[in-house]
Amino acid sequence: MLEEGRHGLEDGDVVTFEEVVGLDVNKKEFKVEVKKADTFSIGSVERLGKGYVQGGKFTQVKVPKEYKFV
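So, here's what we can say about the structure. (Residues numbered from 1 in each chain as written. Predicted model: local features only at pLDDT ≥ 70, side-chain atom pairs only at ≥ 80, totals over all residues. Heavy atoms only, no water.)

**Brief notes about the layout of surface pockets**
So, point 1. Computed from the structure, the second largest pocket encloses a volume of approximately 180 Å³.
So, point 2. Together, Gly12, Asp13, Val14, Gln60, Val61, Lys62, Val63, Pro64 and Lys65 line the second largest pocket.
So, point 3. A breakdown of the residues in the lining of the second largest pocket according to their chemical character gives 4 nonpolar, 2 polar and 3 charged. (1 Å grid on protein atoms, 1.4 Å probe; cavity = no way out; pocket = protein on both sides within 12 Å on 5 of 7 lines; lining within 4 Å. Points joined across faces, edges and corners; volume = space filled by probe spheres on them. Nonpolar A, V, L, I, M, F, W, Y, C, P; charged D, E, K, R; others polar.)

**Re the pairing of strand 3 (residues 33–36)**
So, point 1. Pairing of strand 3 with strand 4 (residues 39–41), which is carried by 3 bridges, proceeds in the antiparallel orientation. Along strand 4, the bridge assignment pairs Glu33 with Ser41.
So, point 2. Two successive antiparallel strands, strand 3 and strand 4, enclose a turn made up of 2 residues. (Pairing = 2+ DSSP bridges. Helix = DSSP H or I, 4+ residues; strand = E, 2+ residues; numbered from the N terminus.)

**Some points on the nonpolar core**
So, point 1. Counting residues in each nonpolar core, the largest one holds 10 residues, listed as Leu9, Val15, Phe17, Val20, Leu23, Val25, Phe30, Val32, Phe40 and Leu48.
So, point 2. Excluding residues within four positions of it along the chain, Leu23 makes contact with Val45, Leu48, Gly49, Gly51 and Tyr52. (Core = buried A, V, L, I, M, F, W, Y, C linked by side-chain atoms within 4.5 Å. Buried < 20%, exposed > 50% of the residue type's maximum accessible area, 1.4 Å probe, protein only. Contact = heavy atoms within 4.5 Å.)

**Focus: the sheet that holds strand 1 (residues 14–18)**
So, point 1. Taken in spatial order, the 3 strands make up an open sheet running 2-1-5, and their pairing is antiparallel. Looking at strand neighbours, the two that pair on one side only are strand 2 (29–31) and strand 5 (57–61), the edges of this open sheet. If you compare each strand with its neighbour and ignore which way they point, the axes differ by 40 degrees on average.
So, point 2. Here strand 1 pairs with strand 2 via 3 bridges, running antiparallel. Residue pairing across strands places Val14 opposite Lys31, the latter belonging to strand 2. (Axes fitted to C-alpha atoms, helices over the stretch in contact; angles between N-to-C directions.)

**Description of the environment of Ser44**
So, point 1. Here Ser44 shows up in the loop between strand 4 and strand 5.
So, point 2. The class of Ser44 is partly exposed, set by a relative accessible area of 48%.
So, point 3. In terms of polar contacts, Ser44 uses its side chain to reach the backbone amide nitrogen of Glu46, at 3.4 Å. (Polar contact = N/O pair within 3.5 Å; in protein donor to acceptor, adjacent residues only side chain to side chain.)

This is the structure:
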């Protein structure tokens, strides 16, 4: 959830996290599934720690795409 409002992401976008306490997600890339304009999911986090405690910022990662032309 964001305090500022819309996150601007689309399904399949990739994000990284910083300053998250309780989960081993910092500096790792995750594909997102958009739930609402201010909410998204990275899937199950059960294997990533004991549970979310506090904090966190996300950054969208621009993944390069290869295009071929004839």
